[in-house]
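# Understanding the architecture of this molecule
Read off the chains here:
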Amino acid sequence: MIWAEGPTCPHCGACDQIYQAKPERKVRTRLKKCGHCRKQSTVRVGTIFEDGHLPLHKWLQAIYLMCASKKGIHSHQRMRVLECTYKTA
Ligand SMILES: [Zn+2]
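Bear in mind that the values here come from a model prediction, so they are computed numbers and not experimental data.

Our next topic: the coordination of the zinc ion. Distances from the zinc ion to its protein donors, namely C9 (SG), C12 (SG), C34 (SG) and C37 (SG), fall within the range 2.2 to 2.4 Å. Considering all four donor atoms around the zinc ion, angles at the metal cover 105 to 118° and the coordination shape is tetrahedral. If you list the donors of the zinc ion from N- to C-terminus, the spacing comes out as C-x2-C-x21-C-x2-C. Accessibility expressed as a relative area gives 2% for C34, which makes it buried. Note on C37: relative accessible area 25%, which makes it partly exposed.

Structural data, given as structure tokens:
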């Protein structure tokens, strides 16, 4: 939804000259680099998921679990479903 018409730089707003950047770590596999301002970004920049280290699919799965169950979901069950630590859950 954010990049419906292709990648856009969240820093300068340019949509041309967006390159695939060489990832520093395996965590940032979809890292993009802007040819105008030379800054790196991902689709998560500017959203509530920007500073998180949890993969986006696990965030979305956790949100779904919390919204779909009538009485909420216990963090221990969330931990088992998401296969993450208790602290993360
Ligand atoms: Zn830019």
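Strand order in the open sheet formed by three strands is β1-β2-β3, with antiparallel pairing between adjacent strands. Only two strands of the sheet have a single partner each, and these edge strands are β1 (18-20) and β3 (40-41). One ladder, built from three bridges, connects β1 with strand β2 (residues 32-34); its direction is antiparallel. The residue of β2 that forms the bridge with Y19 is K33.

Another aspect to go through is the nonpolar core. Core analysis: the largest hydrophobic core is formed by six residues, namely A62, L65, I73, L82, C84 and A89. If sequence neighbours within four positions are ignored, C84 has contacts with M79 and A89.

Tracing the backbone shows L54 in the loop between β3 and α1 (56-68). Take L54: its relative accessible area is 18%, and that puts it in the buried class. In this structure, the C-alpha to C-alpha distance between L54 and C84, residues 30 residues apart in sequence, is 9.1 Å. Among residues more than four places away in sequence, those in contact with L54 are R44, W59 and T88.

For α1, built from 13 residues, the straight-helix expectation of 18 Å at 1.5 Å per residue is met to within 8% by its first-to-last C-alpha distance of 18 Å. Inspection of α1 places K58, A62 and L65 among the buried residues, and these make up the whole buried set. Viewed along the axis of α1, the buried residues span an arc of 60°, placing them on a single side of the element. Seen from the buried face of α1, the exposed residues on the opposite side, beyond 90 degrees, are H57, Y64 and C67. On its buried side, α1 packs onto α2 (75-82).

Another point: the environment of H53. Within the secondary structure layout, H53 lies in the loop between β3 and α1. Classification of H53 as exposed rests on a relative accessible area of 64%. For the pair H53 and T88, spaced 35 residues apart in the sequence, the C-alpha separation amounts to 9.8 Å.

Cut-offs and rules
- Residues numbered from 1 in each chain as written.
- Predicted model: local features only at pLDDT ≥ 70, side-chain atom pairs only at ≥ 80, totals over all residues.
- Heavy atoms only, no water.
- Donors = N, O, S within 2.8 Å, 3.2 Å for Na, K, Ca; no water.
- Tetrahedral: all angles 85-135°; square planar, octahedral: opposite > 155°, others 65-115°.
- Buried < 20%, exposed > 50% of the residue type's maximum accessible area, 1.4 Å probe, protein only.
- Pairing = 2+ DSSP bridges.
- Helix = DSSP H or I, 4+ residues; strand = E, 2+ residues; numbered from the N terminus.
- Core = buried A, V, L, I, M, F, W, Y, C linked by side-chain atoms within 4.5 Å.
- Contact = heavy atoms within 4.5 Å.
- Expected span 1.5 Å × (residues − 1).
- Arc of directions from axis to C-beta.

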